[in-house]
Amino acid sequence: SLLDTALLPSREGVQALAGLGDGRVVCSHDGGSLSVWTAVGDRIERLSLVDHPGSLGMATTATLITVGGKQAVAVGHETGMISVWRIERWGLSLLATLDVRSPHPVPSPYPLRHVRGLVQTPSGLLVSGSEDGDLALIQLGPSLDVARPEVVSRSRYSQTAKRGIN
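Rules and cut-offs
- Residues numbered from 1 in each chain as written.
- Predicted model: local features only at pLDDT ≥ 70, side-chain atom pairs only at ≥ 80, totals over all residues.
- Heavy atoms only, no water.
- Helix = DSSP H or I, 4+ residues; strand = E, 2+ residues; numbered from the N terminus.
- Buried < 20%, exposed > 50% of the residue type's maximum accessible area, 1.4 Å probe, protein only.
- Areas by Shrake-Rupley, 256 points an atom, 1.4 Å probe, with all protein chains shown as cover.
- Salt bridge = Lys/Arg side-chain N within 4 Å of Asp/Glu carboxyl O.
- Polar contact = N/O pair within 3.5 Å; in protein donor to acceptor, adjacent residues only side chain to side chain.
- Pairing = 2+ DSSP bridges.
- Axes fitted to C-alpha atoms, helices over the stretch in contact; angles between N-to-C directions.

### With respect to the overall build of the protein
Consideration 1: Across its full length, the protein carries one helix and twelve strands.
Consideration 2: In sequence order, the protein lays out its α and β elements as α-β-β-β-β-β-β-β-β-β-β-β-β.
Consideration 3: Sorting the 166 residues of the protein into buried and exposed places 42% on the buried side.
Consideration 4: Of the roughly 8,700 Å² of accessible surface on the protein, a fraction of 54% belongs to carbon and sulfur atoms.

Okay, structure coming up:
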């Protein structure tokens, strides 16, 4: 309920939200957790709070993915990390993490690395886009049981990109 949201310990707004394909949704919670929600009649209720390493930071994007014929969730974080989660009955379990930070970020006095978008291609690869200037193409692994994501290529979306106060 709305009251439950107001009482969450993070006191943060939602920065990432993705459907889990079964009526549940996962959303950002704070720098160390995600929350899983479900619609019940005309209300939405929190099912679980799922902790993750604080080093990942706040979730900034999330998407439902398929790996080896099974659904999972990929989450992008403010630190330039991606996490991959198995969908379980009441929540999620962390399978793997991957650092997708650019080795040559956009020059800026503000070194932001937030992953802002994740999209799975028809061939099963994952594309990430982040504030550091790169699009990364990620191989997720042959199955969820052997989820070892790795960056297979990256591209600067604009060779002349600069960051500053506009």
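### Some remarks on the pattern of salt bridges
Any two side chains of opposite charge can pair, on the condition that their charged atoms come close.
Consideration 1: Overall, the coordinates contain eight salt bridges when judged by the stated rule.
Consideration 2: Arg156 is paired through a salt bridge with Asp134; the nearest N and O atoms lie 2.9 Å apart. Here the residue Arg156 occupies a position in strand S12 (residues 150–156), and Asp134 occupies one in strand S11 (residues 134–139), the gap between them amounting to 22 residues.
Consideration 3: By sharing partners, the salt bridges in this structure join Asp134, Arg154 and Arg156 into a single network.

### Overview of the environment of Arg101
Consideration 1: Along the chain, Arg101 falls in the loop between strand S8 (92–99) and strand S9 (115–120).
Consideration 2: Taking the relative accessible area as the measure of exposure, Arg101 reaches 38% and is therefore partly exposed.
Consideration 3: Residues Arg101 and Gly129 lie 28 residues apart in sequence; the distance between their C-alpha atoms is 9.9 Å.
Consideration 4: Within the local environment of Arg101, its side chain forms a polar contact with the side chain of Asp99, the two groups lying 2.5 Å apart.

### A few points about the pairing of strand S3 (residues 33–40)
Consideration 1: Burial within S3 is extensive, with six of its eight residues counted as buried.
Consideration 2: Examined bridge by bridge, strand S2 (residues 24–30) and S3 share six bridges and lie antiparallel to one another. Its bridge partner lying in S3, Asp30 is registered against Ser33.
Consideration 3: Counted between consecutive antiparallel strands, the loop separating S2 from S3 contains two residues.
Consideration 4: For S3 and strand S4 (residues 43–51), the ladder comprises eight bridges, and the chain directions are antiparallel. Opposite Leu34, over in S4, you have Val50 as the bridge partner.
Consideration 5: Linking S3 back to S4 in an antiparallel pair, the connection comprises two residues, with Gly41 at a positive phi of about 60°.

### Notes on the sheet that holds strand S6 (residues 70–77)
Consideration 1: Across the sheet, four strands lie side by side as S5-S6-S7-S8; this open sheet has antiparallel pairing. Looking at the sheet topology across the chains shown, the edges are occupied by strand S5 (59–67) and S8. With direction set aside, neighbouring strand axes in the sheet form an average angle of 25°.
Consideration 2: Of the strand pairs in this sheet, S6 and strand S7 (residues 81–87) are connected by five bridges, and their pairing is antiparallel. If you follow Gly76 over to S7, its bridge partner there is Ile82.

### Observations concerning the sheet that holds S12
In any sheet, the strands associate via hydrogen bonds between backbone groups, in a parallel or an antiparallel arrangement.
Consideration 1: On the basis of which strands lie adjacent, the open sheet formed by four strands has the order S9-S10-S11-S12 and antiparallel pairing. This sheet does not close on itself; its edge strands, each paired only once, are S9 and S12. The sheet shows a mean angle of 20° between the axes of neighbouring strands, taken without regard to direction.
Consideration 2: Pairing analysis gives six bridges linking S11 to S12, with the strands arranged antiparallel. Counterpart to Leu135 in the pairing with S12 is Ser155.

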